[in-house]
2 protein chains.
Amino acid sequence: MNHVPLNIVIVGGVAGGMSAATRLRRLDEHARITVLERGEHVSFANCGLPYHLSDAIPDRERLLLHTPESLAARFRLDVRTRHEVTAIDREARRVTVTDQRSGQVHVLPYDKLILSPGAAPILPPLPGVPLAFPLRTLPDLDRLKAAAKTRGPNAVVIGAGFIGLEVAENLREAGKAVTLVEAAPQVLPPLDPELAVLVQRELERHGVTVISGVGFSAITEQSVTLADGRVLPADLVALAVGVRPEDTLARQAGLDVAGRGGILVNGQLQTSDPDIYAVGDAALVRDALGNVAFVPLAWGANRQGRLVADHIAGRDVSFGGHPATAIAKVFGLTAASTGLNERQVRALGLTPAVVHTHPGSHAGYYPGAEPIHLKLVFDARTGRIYGAQAVGGQGTDKRIDVLATALHAGLSAEDLADLPLAYAPPYSSAKDPVNMLGYVAQNVMDGLTRTRQWHEVAGTHRLVVDVREPAEYARGSIPGAVNVPLNDLRSRLDELREQPVLVYCQVGQRGHAAARLLTELGVDAVNLDGGFLTWQAGRAVPTRLPVPG
Amino acid sequence: MNHVPLNIVIVGGVAGGMSAATRLRRLDEHARITVLERGEHVSFANCGLPYHLSDAIPDRERLLLHTPESLAARFRLDVRTRHEVTAIDREARRVTVTDQRSGQVHVLPYDKLILSPGAAPILPPLPGVPLAFPLRTLPDLDRLKAAAKTRGPNAVVIGAGFIGLEVAENLREAGKAVTLVEAAPQVLPPLDPELAVLVQRELERHGVTVISGVGFSAITEQSVTLADGRVLPADLVALAVGVRPEDTLARQAGLDVAGRGGILVNGQLQTSDPDIYAVGDAALVRDALGNVAFVPLAWGANRQGRLVADHIAGRDVSFGGHPATAIAKVFGLTAASTGLNERQVRALGLTPAVVHTHPGSHAGYYPGAEPIHLKLVFDARTGRIYGAQAVGGQGTDKRIDVLATALHAGLSAEDLADLPLAYAPPYSSAKDPVNMLGYVAQNVMDGLTRTRQWHEVAGTHRLVVDVREPAEYARGSIPGAVNVPLNDLRSRLDELREQPVLVYCQVGQRGHAAARLLTELGVDAVNLDGGFLTWQAGRAVPTRLPVPG
């Protein structure tokens, strides 16, 4: 109490920076806390920006959670907007600041410095890019919204990641003719392709034109030219091809940064200078496997900001490896993932086991159940969960959050069967979809049923047997498949005895029963994981996509 | 394969029994599996029954998930309904069965016997009880629904547990004038009283009359007489005062049963006779603290049935302690709990720490957020989570499932802050409500803020300070509280210096900032946990309720 007050300077006044500032004040009423923000606003809801485009959030002011005045009144913070830090003198422990309004340059000393500069939109060095609209700040939003109001109907959104999708949806809801362009072969690259096609279908169902697998080469005031020469009419171009960590200041100050960008920090979020912390998008973190990763998500920024405040106040903290968990609403669907997808796991040289399921959000006999498409990626030997993905209706977010919790807690794929989840007909089934993932994973781990994936059907040397009912088979089946309904398998066993078979049903469950039955009766049988639904989704995956395996 | 097929007899063909039977068939095509069910139906959706009363589930046949015929065709099960097992000859390993249709008695041998007889409704020995309708089976449902159609408008539901509430809601939705009678001082006894009053309010808002704290003494064709002499008009009485484990058969066979009822089993779900298993409501389980408990919920029955099949097939299984997780829809609200409530923890002689929060289901600036009321019960020293409760709108089920997963995984209250949950504005906040529970619990564990509970305000010797804005204060406050808005605390410090204070705000968050600020400035300050909202809910708790502490 009688010490000289601690002098803390924070660079960046959104998410991580503001989380650190307010927590610091609650821990230490005497500290001097200065927040320097280059932009015009602090503590705004950047994740909410896309929704003001369609007026889903009608009131722009609601996106401003705090002002410098309100932060001064409540937390006695010295918040200065349009103040840019241009240099750090680590020796003298002071920063050089430019007041962008007055042009004045001054110097501020610090005891502890917290860097929370965020990420900057990637602007490819192509003709016309300055004509396109990024969406990171409120002024960005104002410009994009004004353009949407005054210009013609054709909008092109470049980039189909989470933010690109949200922008596309909200421009569409605002009445635009929207074309979504993605250089990767699929929308929503955090998902594996057979789940991403479900998202693409939803976009198209709502009138968004999706062009994937091709980049753009130029933007003009009326058009976007694609790398393959196609020209799209465009009264408006929104650009969301990704972000890069804002590490310039750290780099210039000689702090350790990664070659691909991003400030390196330890478990206490300290940079290579222990008096300088870094949080949020600019700082690299560790993923669920302990690898250094760039995870520009709000959850981590807020968590890290708080932990830095705790550490400065002398508390023990540790920010370990976390599965990245992301989610987006895409019209009537929810798309979400936690941890690593199959592609990422394979890129690490690992061969994961995979399970697809298609449960209803709740008991089928209670009205309003919506399908959820789930994918679990795990190690078949140890049960270690690498990650999970979900696309579907209500309750999709719940299943991903339960899976993120299980993954974070170190539970195995088998343990998912054991989770005591809440059941009543409006909410779930007596075996929750997450429990079912665990049951199916167990069967794979035990070798009880050998499975094949959707991309392994073509070229199989097995007799393909559709065990659904004739009416289901008639509505569409895998080419070459013969139809022997599950209930007839025992009586028609002679037809199947002679050769190895691959059985499938709609979602994989009857196929499992069929494969078990046949195996017990001496037939060499495997089951198609995820059934006809996963195969059908996989068939819609562009062929130029590298198939796993 | 060349062994004599295993001969398995299962007593009871719903949930646990049927889960065991179908899994067994998938594991062993050759076993002889006989399911003996006393009732008229097997594998029906007993959790769905109440919803047919209001035609929320219009089609009764949808509640029949399987018939003996469909189970024979798919799983080659020998399913016999209206077959009652009346005795077990453990020595000879055979059961005596009565075919209720023909009256014939015969004997069936078994290698392994699985008891899944379920639970029976408790029928208090009071006059007129046979006139009341229980709701456990489809015939029960048919009788109750027929009576609801033909009789007058006044319905009395006795018992306000999960099933009683569902019956009350659905009779109300069917147009009845419903009175709900509960002998305990509150509805929904699995919840602590300050959360239960929120459920009661929702019932009353939808026109259900709630009478708690008084039992009934008699039922006639026109009325229910309460223990206090009041007479309620009743054209129809539904009885849901609880269930008891069906352990008669096990008891007569000399198997170990608990004094209070329920079959005792080991971690492999074997009774004291290793060739006889017991699953579902009839079997006692271990709760999150490892204590033997009666948990009549569908989740456990299904889980146990599967594990028994695995064990009989020679696999390693273990059913350990699980937090009981339960949920119910109550009109527009969801009420749910996992693990133990405060009352149960105190009954064990422990003194738990308690945290109440009132977050929105998602970011406040995105439309449609609904309040959720959360309570976390934990050990302040170790962080061990005893249980959690939630009452609120959308997303309530998600938070309970995440908490159940964390509790099952052995995470501490502090660990909740660290869960990497999915965030986008339509789904959550950057600090999810479960993360916030963790943050608040941390502050309690660290001693950063000392808190008081809603029932500790009356009789406090502290100055009570309302730190909300004047407009909030004007709409209602704690009697005797002075209003000093949080932002004015620093300038009005002199008013507060002289005595210990208790601060509060609407939900506890500004109160925490205020308590921190005052403590840092040398004032003896404590914060009211859960703020005005929890205090207000607590004030509605009937005074005859024993207050914790």
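Residues numbered from 1 in each chain as written. Chains lettered and ligands numbered in written order. Predicted model: local features only at pLDDT ≥ 70, side-chain atom pairs only at ≥ 80, totals over all residues. Heavy atoms only, no water.

What to know about the overall build of chain A
Our working definition: Secondary structure counts use DSSP, requiring at least four H or I residues in a row for a helix and at least two E residues in a row for a strand, with both numbered from the N terminus. We take the radius of gyration over the C-alpha atoms and set the globule estimate at 2.2 Å times the residue count to the 0.38 power. The cut-offs for exposure are 20% and 50% of the maximum accessible area for each residue type, with area from a 1.4 Å probe on protein chains only; residues under the lower value are buried, those over the upper are exposed, and the others partly exposed. Residue contacts are counted whenever heavy atoms from the two residues lie within 4.5 Å of one another. Only the protein chains shown count as cover for residues, with accessible areas throughout obtained via the Shrake-Rupley method and a probe of 1.4 Å. Note that His is not counted, nor are the chain ends; the positive residues are Lys and Arg, and the negative ones are Asp and Glu. Every charge is mapped onto a representative atom, which is NZ of Lys, CZ of Arg, CG of Asp or CD of Glu.
Of the regular secondary structure elements, chain A holds 14 helices and 29 strands. For 549 residues, the compact-globule formula gives about 24 Å, and the C-alpha radius of gyration of chain A, at 26 Å, lands near that figure. Each principal axis of the C-alpha atoms in chain A carries an extent, and together these give about 90 × 55 × 45 Å. Going through the 549 residues of chain A one by one, you find that 59% of them count as buried. The contacts in chain A between residues at least 6 apart in sequence include a share of 63% that link residues at least 24 apart. Carbon together with sulfur atoms contributes 50% to the accessible area of chain A, which is approximately 20200 Å² in total. Charge separation in chain A, taken as the distance between the mean sites of 54 positive and 57 negative side-chain charges, equals 1 Å.

As for the packing of helix α6 (residues 193-205) of chain B against helix α14 (residues 531-539) of chain B
All names here are of chain B. We count it as follows: Only C-alpha atoms enter the line fits that serve as axes; for helices the fit covers just the stretch in contact. Angles between N-to-C directions range over 0 to 180 degrees. An angle below 35 degrees is read as roughly parallel, one above 145 as roughly antiparallel, one from 65 to 115 as roughly perpendicular, and any other as oblique. Amino acids outside the nonpolar list (Ala, Val, Leu, Ile, Met, Phe, Trp, Tyr, Cys, Pro) and the charged list (Asp, Glu, Lys, Arg) are all regarded as polar, and Gly is one of them.
Viewed as axis vectors pointing N to C, α6 and α14 meet at an angle of 75°, and their least axial separation amounts to 8 Å. Considering the angle they form, α6 stands roughly perpendicular to α14. Every residue of α14 that contacts α6 at E194, V197, L198 and R201 is listed here: T534, Q536, A537 and G538. Its residues placed into classes, the contact of α6 with α14 shows 3 nonpolar, 3 polar and 2 charged.

Thoughts on unusual backbone geometry
Note on backbone geometry: most residues besides glycine have negative phi, and most peptide bonds are trans. One non-glycine residue, R82 of chain A, lies in the positive phi region at around 50°. Within the element layout of this structure, R82 of chain A appears in the loop between β3 (78-81) and β4 (83-89). In this structure, R76 of chain B is a non-glycine residue whose phi angle is positive, near 50°. Assessed through its relative accessible area of 38%, R76 of chain B is described here as partly exposed.

Points about the domain arrangement of chain A
By a frequent convention, interface size equals the accessible area lost on bringing the separate parts together. Residues and elements named next belong to chain A. So the rule is basically this: Segmentation of the chain into domains, including their bounds, is taken from an automatic or database domain assignment. Buried area is calculated as the accessible area (1.4 Å probe) missing from two parts once they are joined, with the contributions of both summed. Definition used for salt bridges: Asp or Glu carboxyl oxygen within 4 Å of a side-chain nitrogen of Lys or Arg. N or O atoms within 3.5 Å of each other form a polar contact, as long as, within protein, one can give a hydrogen and the other can take it, and as long as residues adjacent in sequence are counted only when both atoms are side-chain atoms.
Domain annotation of chain A identifies domain 1 (7-120 + 244-312), domain 2 (129-187 + 194-241), domain 3 (332-446) and domain 4 (451-539). On the side of domain 4, 5 residues touch domain 2, which itself brings 4 residues to the contact. With both chains or domains summed, domain 2 and domain 4 bury close to 270 Å², and 62% of this area falls on carbon and sulfur atoms. Area buried by domain 2 at its contact with domain 4 is led by E194, V197 and R201, which between them contribute 94% of it. At the boundary of domain 2 with domain 4, the tally comes to 0 salt bridges. Linking domain 2 to domain 4 there are 0 residue pairs in polar contact (both at pLDDT 80 or more). Of the residues assigned to the side of domain 2 that touches domain 4, the class counts are 2 nonpolar, no polar and 2 charged.

Some details on the relation of the copies chain A and chain B
Here is the rule: Least-squares superposition aligns the copies on the C-alpha atoms of those residues with pLDDT at or above 70 in both.
Rotating chain A by 180° and moving it 0.0 Å along the rotation axis overlays it on chain B with an RMSD of 0.0 Å. What the superposition gives is, in effect, a two-fold axis relating one chain to the other. An overlap of 100% is found between the interface residues of chain A and their copies at the interface of chain B, pointing to a shared contact surface.

Some words on the interface of chain A and chain B
The partner chain B presents 82 residues to the 82 residues of chain A that form the contact. With both sides pooled, the region where chain A packs onto chain B buries about 7600 Å², and carbon together with sulfur makes up 56% of that total. Summed over the shared surface of chain A and chain B, the result is 42 residue pairs in polar contact (both at pLDDT 80 or more). Every element with two or more residues in the side of chain A that touches chain B is listed here: α1 (15-27), α3 (68-75), α8 (298-312), β20 (325-330), β21 (333-339), α10 (396-409), α11 (433-446) and α13 (509-520) of chain A.

Describing the nonpolar core
The nonpolar side chains of a soluble globular protein tend to be buried with one another. Basically, it comes down to this: Only buried residues count toward a nonpolar core. Its members are Ala, Val, Leu, Ile, Met, Phe, Trp, Tyr and Cys residues joined through side-chain atoms within 4.5 Å.
Among the nonpolar cores identified, the biggest contains 58 residues, and L376, F378 and L416 of chain A together with L376, F378 and L416 of chain B are the most heavily contacted of them. Not counting chain neighbours up to four residues away, the residues in contact with F378 of chain A comprise P352, A353, V354, V355, G383, R384, I385, Y386, A413, A441, V444 and M445 of chain A.

Comments concerning the packing of aromatic side chains
The condition that has to hold: Note on aromatic pairs: the rings of Phe, Tyr and Trp (six-membered ring only in Trp) are paired at centre separations within 6.5 Å, and the planes decide the class, stacked below 30 degrees, edge-to-face beyond 60, tilted for the rest.
Under the defined criterion, the tally for this structure stands at 6 aromatic pairs over all chains. Pairing Y51 of chain A with Y366 of chain B gives two aromatic rings, centres 5.0 Å apart and planes at 85°, and the pair type is edge-to-face. Of the two residues, Y51 of chain A sits in helix α2 (residues 49-53) while Y366 of chain B sits in the loop between β22 (353-357) and β23 (372-378), which places them in two different chains. You'll find Y51 of chain A and Y366 of chain B in the same group, each marked buried.

Side note on the sheet that holds strand β9 (residues 154-158) of chain A
Strand pairing in a sheet is mediated by backbone hydrogen bonds. Such pairs are either parallel or antiparallel. Residues and elements named next belong to chain A. Worth spelling out the cut-off: Should DSSP find at least two bridges between two strands, the strands are regarded as paired.
A sheet is described by the order of its strands in space; here 4 strands give the open sequence β11-β10-β9-β15, paired in parallel fashion. Looking at the sheet topology across the chains shown, the edges are occupied by β11 (209-212) and β15 (236-239). Adjacent strand axes in the sheet meet at a mean angle of 20°, parallel and antiparallel pairs treated alike. One ladder, built from 4 bridges, connects strand β10 (residues 177-182) with β11; its direction is parallel. Bridged to V181 within β11 is I211.

Description of the pattern of salt bridges
Counting across every chain of the model gives 68 salt bridges over all chains. The salt bridge involving K398 of chain A is made with D401 of chain B; its shortest N-O contact spans 3.8 Å. One end of the pair, K398 of chain A, is in helix α10; the other, D401 of chain B, is in helix α10 (residues 396-408), on a second chain. Classification of K398 of chain A by relative accessible area gives buried; the value is 2%. In this structure, the salt-bridge partner of D524 of chain A is R450 of chain A, at a minimum N-O distance of 2.7 Å. Of this pair, D524 of chain A sits in the loop between α13 and β29 (525-528) while R450 of chain A sits in the loop between α11 and β25 (451-452), and the two are 74 residues apart along the sequence. Relative accessible area serves as the criterion here: at 31%, D524 of chain A is assigned to the partly exposed category. Residue classification places R450 of chain A among the partly exposed residues on the basis of a relative accessible area of 41%. Ionic contacts of the salt-bridge type, sharing partners, join the residues D192, E194, E342, R346 and K375 of chain A into one network.

Thoughts on helix α8 (residues 298-312) of chain B
Residues and elements named next belong to chain B. Selection rule: One fewer than the residue count of a helix, multiplied by 1.5 Å, yields its expected span.
In a regular helix each residue adds 1.5 Å, so 15 residues correspond to 21 Å; α8 covers 21 Å between its end C-alpha atoms and thus fits that length. For α8, a buried count of 14 out of 15 residues is recorded, marking the element as mostly surrounded by other parts of the structure. A positive phi of about 90° marks G314, the residue just after α8.

Focus: the pairing of strand β24 (residues 385-392) of chain A
All names here are of chain A. With 8 of its 8 residues buried, β24 lies for the most part within the structure. Two elements, β21 and β24, share 6 bridges in a ladder whose sense is antiparallel. Across the sheet, the residue bridging to S337 is Q389, located in β24. Pairing of strand β23 (residues 372-378) with β24 involves 7 bridges; the strand directions are antiparallel. By the bridge assignment, I372 is partnered in β24 with G392. Linking β23 back to β24 in an antiparallel pair, the connection comprises 6 residues, with G383 at a positive phi of about 85°.

Points about the confidence of the model for chain A
Quick reminder of the rule: Every residue is assigned a pLDDT by the predictor, reflecting its confidence on a scale from 0 to 100.
With 98% of its residues at a pLDDT of 70 or more, chain A shows a mean pLDDT of 95. Here the predicted complex carries an ipTM of 0.96, next to a pTM of 0.97.

A word on the sheet that holds β4 of chain A
Residues and elements named next belong to chain A. Across the sheet, which stays open at both edges, the 3 strands sit in the order β4-β5-β6 with antiparallel pairing between neighbours. Either end of the sheet is taken by a strand with one partner, and the two such strands are β4 and β6 (105-109). The mean angle between the axes of side-by-side strands here comes to 30°, regardless of whether they run parallel or antiparallel. Note: strand β5 (residues 94-99) against β6, 5 bridges, orientation antiparallel. Note on β6: the bridge partner recorded for T96 is V107.

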